[in-house]
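Observations on chain architecture
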Amino acid sequence: MKRNGIVLSLLFLFGTNIAFADNEIYIDQVGATSEVVIEQDGASNVVAGESGASDKFLLSGDNLDINMRMVGSSNNVLGNIIGADTVLDLDIAGSSNDFLFDIDKDNSFGATGGDFQIDITGGNNDFDFDFGSNDTANNADVDFILDGDFNAMNVAVDVSDIVLNWDLQMSNSTFDYTATGYDGHSATITGDGDYMNIDIVQESTLKADSIEIDFDGNGTSSSSSVICIQQSDSGTATSGCGN
């Protein structure tokens, strides 16, 4: 079987008589059984689609192996990944970054299977992760490790039989998780942090949802810590969490 490979590595260097410029990667890749490696080091970097910095990059095909590593601050990553049995390893170290990731948000069956590992270290990051659409995909394993303060995380899942594990080590942050579909979702949240706002909405219609939480943290009367859990087997939650 033919295997495609792409390796992109950019280093932002500091020194005398060097003209500074932001690193930019624009990529649209279509093809099965591909290996994609992206590395960026520095500030104000961009990974996006071929139409420019506001366009999501596209990695499309089954059996993709994607490894992305970014070190630095004020970076922007906009991505759309479509393909069954994808392996994604996303490793981010830095602050004030913006990430917008879709895993088959608009296609059909393109989020089936796969192993997604996302590690983010740093503060003041915005992370938006949309996984699947219309309950057409299933059987995925998604692991998040988030370490840093003043982060805003939003995760939306619309697939069947997905397992999510989060390790949250952060304070003064928000974490919103919404899961919809027919066949149930399982999620585990562990970690610690103060002044957190965690909203969890699970709305599977045919099978049971489950959430397991082991989280240590504090708040005060003027600045509380909140964990809100909302489950509904009718597919329409009635009130409560702020998602």
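Note that the structure is predicted; figures quoted are calculated from it, not measured.

This part covers the pattern of salt bridges. Throughout the structure, instances matching the rule amount to 1 salt bridge. Here aspartate 102 and lysine 56 are joined by a salt bridge, their closest N and O atoms 2.3 Å apart. Of the two residues, aspartate 102 sits in strand E10 (residues 98-103) while lysine 56 sits in the loop between strand E5 (46-48) and strand E6 (57-60), which places them 46 residues apart along the sequence.

We now examine the pairing of E10. Summarising the sheet, strand E8 (residues 76-82) and E10 pair through 6 bridges and their orientation is parallel. What sits directly across from asparagine 76, in E10, is aspartate 98. The pairing of E10 with strand E12 (residues 126-131) spans 6 bridges and is classified as parallel. Paired with phenylalanine 101 across the bridge in E12 is phenylalanine 129.

In this section: the packing of aromatic side chains. The geometry of an aromatic ring pair comes down to the distance between the two centres and the angle between the two planes. Under the criterion given, the structure shown has 10 aromatic pairs. Between tryptophan 166 and phenylalanine 175, the aromatic rings sit 4.8 Å apart at their centres with planes inclined by 75°, giving edge-to-face as the arrangement. The same class applies to tryptophan 166 and to phenylalanine 175, which are both buried. An aromatic cluster is defined as three or more aromatic residues linked by ring pairs; in this entry it consists of Phe99, Phe116, Phe127, Phe129, Phe131, Phe144, Trp166, Phe175 and Tyr177.

Let's shift gears to the confidence of the model for the chain. Confidence along the chain averages 81 in pLDDT terms, with 83% of residues attaining 70 or more. For the chain, the element scoring lowest by mean pLDDT is strand E1 (residues 4-11), at 46; strand E9 (residues 87-93) scores highest, at 93. Segment residues 7-21: pLDDT under 50, and 26 contacts once partners within four positions in sequence are set aside and those in other chains are kept.

Next up on the list: the environment of valine 71. Tracing the chain through its elements places valine 71 in strand E7 (residues 65-71). Here the alpha-carbon distance between valine 71 and alanine 43, two residues 28 residues apart in the chain, equals 8.0 Å. Contact partners of valine 71, with chain neighbours within four places excluded, come to Gln40, Asp41, Gly42 and Ala93.

Taken together, the side chains of Ile213, Ile227 and Ile229 present a nonpolar region at the surface, about 230 Å² in accessible area. Structurally, isoleucine 227 can be placed in strand E20 (residues 226-231).

What follows concerns the environment of lysine 56. For lysine 56, a relative accessible area of 27% puts it in the partly exposed group. If sequence neighbours within four positions are ignored, lysine 56 has contacts with Asp28, Ala48, Gly49, Leu78, Gly79, Asn80, Leu100 and Asp102. For lysine 56, the side chain forms a polar contact with the side chain of aspartate 102, separated by 2.3 Å.

Looking at the secondary structure, you find isoleucine 213 in strand E19 (residues 210-216). In this structure isoleucine 213 comes out as partly exposed when scored by relative accessible area, which is 31%. A C-alpha to C-alpha distance of 9.6 Å links isoleucine 213 and tryptophan 166, two positions 47 residues apart in sequence.

Turning our attention to the side chain of asparagine 125. With respect to the element layout, asparagine 125 can be found in the loop between strand E11 (115-121) and E12. For asparagine 125, a relative accessible area of 0% corresponds to the buried category. In terms of polar contacts, asparagine 125 uses its side chain to reach the backbone amide nitrogen of asparagine 97, at 2.8 Å.

So, on to a negative patch on the surface. Residues Asp192, Glu212, Asp214 and Asp216 make up a contiguous surface patch of negative charge. Among the elements that make up the negative patch, the one with the highest residue count is E19 (3 residues). Within the secondary structure, glutamate 212 is located in strand E19. Taking relative accessible area as the criterion, glutamate 212 reaches 54% and is therefore assigned exposed.

Calculation notes
Residues numbered from 1 in each chain as written. Predicted model: local features only at pLDDT ≥ 70, side-chain atom pairs only at ≥ 80, totals over all residues. Heavy atoms only, no water. Salt bridge = Lys/Arg side-chain N within 4 Å of Asp/Glu carboxyl O. Helix = DSSP H or I, 4+ residues; strand = E, 2+ residues; numbered from the N terminus. Pairing = 2+ DSSP bridges. Phe/Tyr/Trp six-rings, centres within 6.5 Å; stacked < 30°, edge-to-face > 60°. Buried < 20%, exposed > 50% of the residue type's maximum accessible area, 1.4 Å probe, protein only. pLDDT = per-residue confidence, 0-100. Contact = heavy atoms within 4.5 Å. Patch = residues over 30% accessible without salt bridge, like charges linked within 9 Å, V, L, I, M, F, W, Y side chains within 5 Å. Areas by Shrake-Rupley, 256 points an atom, 1.4 Å probe, with all protein chains shown as cover. Polar contact = N/O pair within 3.5 Å; in protein donor to acceptor, adjacent residues only side chain to side chain. Lys, Arg positive; Asp, Glu negative; His and termini not counted. Charge placed at Lys NZ, Arg CZ, Asp CG, Glu CD.

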